[in-house]
Amino acid sequence: MIVLLAFHVGASAQHTTVYQAPVASPTITTIAQSEQISEYVREVFQDRDGNFWFGTNGDGVCRYDGKSLTYFSVEQGFGGHAVRGIVQDEGGAMWFATNGGVSRYKSGVFKNYTVANGLSHNSVWSMMLDKSGTIWVGTQLGVCRFDGKSFIPFPLPRGEVENPTSGFTPRVAFGMFEDRAGNLWFGTHGGGAHKYNGKSFTTYTTKDGLAGNYVRCIYGDRRGRIWIGTNGGGVSRYNGKTFRNFTKKDGLSNDRIYEILEDRAGNMWFSTLGSGCCRYDGKTFTAFREDHSLMINGFPARGHVQEFLEDKDGILWLGCSGGLFYFDGKTFINVTKNGPWPVSAPQLLPDVVTRSDDAALFRVPAAKPNKNGAANTHGDQKTQGDAQKSKLPRLPDEFKVRNILEDSKGNFWFGSWQSGVARFDGEKLTVFTVADGLDMNQVRDVYEDAKGTIWFNTGLGICSYDGIRIINHTTNRDYSSKNDWKLSANDLWFGEDDGNKLEGQPGLYRYDGEKLTFLAFPLPKFRGHDVEYKSTGIARGKDGKIWFATYGSVIGYDGRSFTFMNNQSGGFGGSTKTDLHVRSIFEDSKGRLWIGNNGIGVLLHENGKTINFTQKHGLGSQENRRGGPLPGDAPKGSPSLDRVFSIGEDSAGNIWFGLHGTQGYGAWRYDGKSLRNFTEKDGLTSKFITAIYLDKRGGLWLGGDGVFKFNGKSFDRIH
């Protein structure tokens with residue numbers, strides 16, 4: 001594992017500058033261009049299957065599959081020689097922004113888009129895939145978006161360039177970004193940055209505090225702040241109200257910034273034109289300058305840094321004017337066609353320094369009640385040896401995990417069935433219970449809002465944690481009861497699942513970023529007992545639609561109308577012969593709705609039709625079947641898929657099901673063709689799995705009687 005914290009430079013003064021001296025060597029190593037991946041690597045991208053794609057400035061695109069390199073150029077049907085952007089769409093196709101238009105690659109075939117297909121210019125400088133799956137590109141003459149067939153111009157506000165420095169115009173968007181609220185940002189050449197909220201534009205220039213009007217890149221960090229790199233003005237950090245600018249005076253090695261990245265440890269990285277790169281830990285700038293001991297065609301290998309990528313294993317990659325490099329935690333290593341390639345290692349958790357001489361770092365005291373209501377830290381004495389071996393503390397034996405969240409600061413949160421909620425900050429576990437302000441120790445969901453506040457959905461109501469104290473919102477009734485149904489990008493939804501004792505009617509809670517509101521379900525005439533409408537799960541669809549799972553039905557809301565699906569309404573089309581008992585719901589990347597049931601298996605709703613997925617694969621259980629066995633039930637005593645309490649999707653598009661029952665246990669993985677059961681022999685020592693979570697780097701986590709992480713073949717117990 002590459003641990004970037006190993007390079008942390010401490011300083012008491014704000015914005016201290018630490019410069020890394022050039023490598024002293026009496027011998028200058030000259031590497032021929034032919035030995036490099038390419039003389040100039042502009043883009044580095046890792047796809048869902050783990051393949052690396054290297055976009056070059058003259059050799060097309062190169063793919064590395066872990067064994068060999070494959071080059072694609074115009075001779076193989078690629079659109080251009082220079083690559084300036086790479087994305088992968090929801091269907092797995094690769095898209096490339098080139099100097100000859102846009103190229104799409106799927107199943108070994110290229111399809112190229114040019115001005116004949118709607119592009120405003122064939123020279124494309126940037127590319128973005130937004131949350132809805134739309135492809136955006138910035139060309140020499142403006143921004144265009146892909147409508148599924150062709151590209152459509154998307155005019156930006158007209159900007160006037162003061163003292164133009166090149167042949168580019170303000171219509172060129174070198175940087176594009178979608179923030180967590182769904183706003184689209186476009187950085188232009190001389191016209192500043194434009195923010196589009198779906199209806200109108202807001203333009204930011206030096207008159208508003210921006211560091212420079214020539215914008216090269218835009219990036220959003222975990223805290224929701226926007227970072228804007230300029231060509232000559234340094235970097236701006238925007239908190240939603242004001243700009244804070246950083247230049248060479250603050251420690252940047254160069255004010256010409258081409259790329260920005262936040263690593264998993266929370267450090268900000270800035271690439272420069274002509275002066276290597278810089279890392280900023282919130283207090284200190286560390287400059288990693290050109291490597292004059294390594295010359296490519298007469299120029300320092302790391303003079304111009306064009307691209308950053310932190311891969312799924314936590315390794316930091318750099319695309320430079322002298323080729324491809326990666327950071328091993330101490331130095332930058334040049335990767336040529338003959339390597340050396342970094343050795344991947346299963347990651348543990350972010351921000352963890354795994355030094356063999358520092359076992360005490362992870363040893364935490366046993367839990368003790370606290371009279372002041374402060375949170376208690378826990379250490380499991382019986383498993384302390386295992387904790388030291390894995391360098392991670394273990395959850396108490398009684399702590400059964402119900403849900404998992406990775407917050408914007410890199411902390412992991414684990415909600416439990418009856419033991420409160422635990423936070424792991426990279427060093428210790430902290431458990432919050434009713435003694436710390438929770439209204440109940442059963443924590444069904446954990447969310448984070450746009451401001452970084454953590455929210456808990458308990459068995460009795462809603463609580464929030466601002467980093468200092470826990471606030472109880474339902475017992476104190478500090479929310480609006482107005483039944484105002486609506487949808488927005490910042491909504492947090494909380495199911496109400498205790499007999500509707502507080503409100504007296506079936507419904508749920510919504511937090512829109514400002515206020516908490518209770519919303520009653522507009523129940524149809526065919527409704528049965530109120531118990532059928534206790535909320536058991538919530539899922540957000542690709543098109544923004546929200547799905548609410550209840551014990552007896554599934555309810556969809558698209559911002560205008562409701563969809564009800566249960567046996568009475570006919571929405572499940574007779575796919576079940578007994579009452580529903582929904583315990584989980586999930587919409588996958590293909591728009592399919594998966595419904596986990598306690599007793600009749602998994603229902604799959606696709607294109608208006610519903611099938612019993614479990615019965616189709618012969619994985620029902622006669623022992624657990626309510627109402628008797630059905631055709632396709634598995635033989636008595638064999639593994640089943642009938643009590644599904646959690647559903648998720650991994651970065652490769654596989655669907656995972658977590659089980660809770662006496663017959664089936666562990667987890668199942670569906671790859672689109674067949675199912676595989678993971679149990680104790682695969683390291684999954686928990687017989688029940690009630691949480692499936694994909695972290696920010698594509699790691700798959702499962703929670704139940706412990707916390708487990710998938711290493712590609714089996715599971716490692718993390719806590």
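Up top is the structure these notes are about.
Residues numbered from 1 in each chain as written. Predicted model: local features only at pLDDT ≥ 70, side-chain atom pairs only at ≥ 80, totals over all residues. Heavy atoms only, no water.

This part is about the nonpolar core. In terms of nonpolar packing, the biggest core is built from 27 residues, with Val401, Ile404, Trp413, Phe414, Val421, Val446 and Phe456 touching the most fellow members. Going through the elements one at a time, β34 (401-406), β35 (412-416), β36 (421-424), β37 (429-432), β38 (443-448), β39 (454-458), β40 (462-465) and β59 (689-694) are the ones with two or more residues in this core. Residue contacts for Phe414: discarding those within four places in its chain leaves Phe399, Val401, Asn403, Ile404, Gly420, Val421, Ala422, Phe424, Leu429, Val707 and His719. Grouped together as the second largest cluster of nonpolar side chains are 26 residues, Met268, Phe288, Val305 and Leu316 included. (Core = buried A, V, L, I, M, F, W, Y, C linked by side-chain atoms within 4.5 Å. Buried < 20%, exposed > 50% of the residue type's maximum accessible area, 1.4 Å probe, protein only. Helix = DSSP H or I, 4+ residues; strand = E, 2+ residues; numbered from the N terminus. Contact = heavy atoms within 4.5 Å.)

Take the sheet that holds strand β5 (residues 61-64) next. Reading across the sheet, the 4 strands line up as β3-β4-β5-β6 and stay open at both edges, with antiparallel pairing between neighbours. Each edge of the sheet is formed by a strand with only one pairing partner; in this case those strands are β3 (41-46) and β6 (69-72). Strand-to-strand twist in this sheet, taken as the mean axis angle between neighbours without regard to direction, amounts to 20°. Two strands pair when backbone bridges link them, and strand β4 (residues 52-56) and β5 are joined in this way by 4 bridges, in the antiparallel orientation. Residue pairing across strands places Phe52 opposite Tyr64, the latter belonging to β5. (Pairing = 2+ DSSP bridges. Axes fitted to C-alpha atoms, helices over the stretch in contact; angles between N-to-C directions.)

Overall, antiparallel pairing links the 4 strands, which are arranged β45-β46-β47-β48 in an open sheet. A single partner strand is all that each edge strand has here, and the edge strands are β45 (535-540) and β48 (562-565). Taking the axes of each pair of neighbouring strands and ignoring which way they run, one obtains an average angle of 15° across the sheet.

Note that the residue after Gly339, namely Pro340, is joined by a cis bond; omega there is 5°. If you trace the backbone, Pro340 turns up in the loop between β32 (332-335) and β33 (376-377). With phi around 55°, Ser107 is a residue other than glycine that occupies positive phi space. Its location among the elements puts Ser107 in the loop between β9 (101-106) and β10 (109-113). Judged by relative accessible area, Ser107 falls into the exposed class, the value being 70%. Of note, the phi angle at Asn607 is positive, near 55°, even though the residue is not glycine.

Along the chain, Ala549 falls in strand β46 (residues 546-550). The buried category is assigned to Ala549, whose relative accessible area is 0%. With 34 residues separating them in the primary sequence, Ala549 and Arg583 have C-alpha atoms 7.2 Å apart. When residues no more than four places from it in sequence are discounted, the contact partners of Ala549 are Lys534, Ser535, Thr536, Gly537, Val582 and Ile585.

Inspection of the entire model under this criterion finds 10 salt bridges. Among the ionic pairs, Asp512 bridges to Lys486, the shortest N-O distance being 3.9 Å. A residue pair is termed long-range when its members are at least 10 positions apart, and Asp512 in the loop between β43 (507-511) and β44 (516-520) and Lys486 in the loop between β41 (470-472) and β42 (492-495) qualify at 26 residues. Close ionic contact of Arg560 with Asp558 constitutes a salt bridge, the shortest N to O distance being 3.6 Å. Of the residues examined, Asp558 reaches a relative accessible area of 26% and is grouped as partly exposed. Residues joined in a network through salt bridges with shared partners are Arg676, Lys681 and Asp682. (Salt bridge = Lys/Arg side-chain N within 4 Å of Asp/Glu carboxyl O.)

Strand β12 (residues 135-139) sits mainly inside the fold: 5 of its 5 residues count as buried. The loop that links strand β11 (residues 124-129) with its antiparallel partner β12 comprises 5 residues; one of these, Gly133, has a positive phi angle of about 95°. Bridge analysis of β12 against strand β13 (residues 142-146) gives 4 bridges, and the strand direction is antiparallel. When the bridges of β13 are listed, Thr139 appears paired with Gly142. Where β12 folds back on β13, the antiparallel hairpin that results is connected by 2 residues.

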